[in-house]
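# Results of the structural survey
The chain contents come next:
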Amino acid sequence: MDNKYSKLQQQFLCCYPVNKMAWSTLHLPLQLEEQKQLIAATCGHALNQRYPVRRSYQEAFVKRLLQLLKDHEELHDDIYDSLCGQLAKATLSERESADAAQVYAYKHYLLPTPMTLRESKSFVIEGTTGLCTWEAALALADYLLEHPSLVQNKNVLELGAGTGLLGILLKQRSLQLQVGQVLLTDGSDACVQLMRENIKLNFAEEPLDFPLCAQLNWAQISEFNWQAYAAFDLLLAADVIYDDTQFEALLSAMEYIFERHENNLQMLLASTVRNVDTLHNFMQQLALHGFEATPCANVSACASHFCRDHTAAVQIVSIKRKS
Ligand SMILES: C[S@@+](CC[C@H](N)C(=O)[O-])C[C@H]1O[C@@H](n2cnc3c(N)ncnc32)[C@H](O)[C@@H]1O
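Source: prediction; values computed, not measured.

With that out of the way, let us pick up the sheet that holds strand β3 (residues 156–159). Taken in spatial order, the seven strands make up an open sheet running β5-β4-β3-β6-β7-β9-β8, and their pairing is mixed. Edge positions in the sheet fall to β5 (212–215) and β8 (291–295), since each has one partner strand and no second. Pairs of neighbouring strands in the sheet enclose a mean axial angle of 20 degrees, with direction left out of account. Contacting β4 (182–186) and β5, helix α9 (residues 189–202) crosses the sheet at an angle of about 170 degrees to β5.

What follows is the structure in structure tokens.
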């Protein structure tokens, strides 16, 4: 099907904020057949049928659509039916409790082949911030897609990998990034389990070349089973410096990893700019620990394959050992 709703489809499947969606791409009024096609491209999409995005998101999407179509004489039944599928038949309180009970939901990124991630609907759950994907990981993903030579033929290690988005992206066969070994690590057992699930979701048909994952707490860096993996060329970390109580552990882990690789390593660190002082403090600590950080250029100008809404600025720095 010629998909004239591809932008809205891409945004819907990764839960891009409803109020910022590309509604202007709809040429109103919509004929009944067009309404049907739009619903088929979003709520009715096979990925959403199999691995649904948040119910509350679907509901908000359809409500916004109904608002836009309010002057239409005829509305296609599929719009009402998709008002969250079976939830359309439920009462408000049933809907609310069903939504609250749904701790995890899915997001799909069309790259253009789909990448599906299961993630938590809350930012903090089970004592970790890592069960949903953060802005900085999306920005770093966009940056790597724009600069594939950074990862080509490299063995990549990620610290604090959360849901596993970056590693899963790097190993997407259709992108042909030719990345070597990818090891995703996180200190949280819940994150490691979620990453394993997400890897399974995305690599069912390619059992030989998928990202590896393991639990690695920065405070216990020397206890990690390094012998089980190849030497790494590139270290990634996204949104890991929001909490200054973790700075010392992270910096010691970085020192350990750089030393282990005789400093033949580059690190890309992506951070959402929430608190300028926290970032500044970390940059100072980096310099004190003998690291040199160079800001990567044009991060905000990267095309957003991940529908990042750019609400928060993200800084990406390249870190090397001072010579
Ligand atoms: C805000 S989340 C970011 C997750 C992911 N990188 C992203 O951007 O979506 C921070 C991650 O760092 C992990 N983390 C925090 N402290 C850690 C530590 N001491 N050792 C290992 N991982 C840690 C958390 O479990 C969490 O997954």
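So, next bit.
All right, on to the pairing of strand β6 (residues 234–238) then. In terms of burial, β6 is a largely internal element, five of the five residues being buried. By the alternation rule, side chains of β6 split into L234, L236 and A238 and L235 and A237, which are all buried. Relative to β6, β3 runs parallel, the two being bridged by four bridges. Across the sheet, L157 pairs through a bridge with L235, a residue of β6. Looking at chain direction, β6 and strand β7 (residues 266–272) are connected through five bridges and run parallel. Bridge pairing in β7 links A237 to L269. Each parallel crossover has a hand, and the one from β6 via helix α10 (residues 247–260) to β7 is right-handed.

The next point concerns the domain arrangement of the protein. Buried accessible area, meaning the area lost when the parts come together, often serves as the stated size of an interface. Taken domain by domain, the protein holds domain 1 (6–102) and domain 2 (120–321). Across the boundary between the two partners, domain 1 contributes 11 residues, which contact eight residues of domain 2. Of the roughly 690 Å² buried between domain 1 and domain 2, counting both surfaces, carbon and sulfur atoms make up 58%. Across the domain 1-domain 2 interface, the total number found is one salt bridge. A salt bridge links D309 to K20; the shortest N-O distance between them is 3.4 Å. Listing elements by their share of the side of domain 1 that touches domain 2, those giving two or more residues are α1 (6–13) and α6 (92–101). Class assignment of the residues belonging to the side of domain 1 that touches domain 2 gives a composition of five nonpolar, three polar and three charged.

What follows deals with unusual backbone geometry. With an omega dihedral of -5 degrees, the bond running from L28 to P29 counts as a cis peptide bond. For E262, which is not glycine, the phi dihedral falls at a positive 50 degrees. By secondary structure assignment, the location of E262 is in the loop between α10 and β7. Using a relative accessible area of 65% as the deciding quantity, one classes E262 as exposed. A positive phi is found at H310, a non-glycine position, where the angle reads about 60 degrees.

Reading the values: the criteria
Residues numbered from 1 in each chain as written. Predicted model: local features only at pLDDT ≥ 70, side-chain atom pairs only at ≥ 80, totals over all residues. Heavy atoms only, no water. Pairing = 2+ DSSP bridges. Helix = DSSP H or I, 4+ residues; strand = E, 2+ residues; numbered from the N terminus. Axes fitted to C-alpha atoms, helices over the stretch in contact; angles between N-to-C directions. Contact = heavy atoms within 4.5 Å. Buried < 20%, exposed > 50% of the residue type's maximum accessible area, 1.4 Å probe, protein only. Right-handed = clockwise from strand over helix to strand, strands pointing away. Domains from an automatic or database assignment. Buried area = accessible area lost by both parts, 1.4 Å probe. Salt bridge = Lys/Arg side-chain N within 4 Å of Asp/Glu carboxyl O. Nonpolar A, V, L, I, M, F, W, Y, C, P; charged D, E, K, R; others polar.

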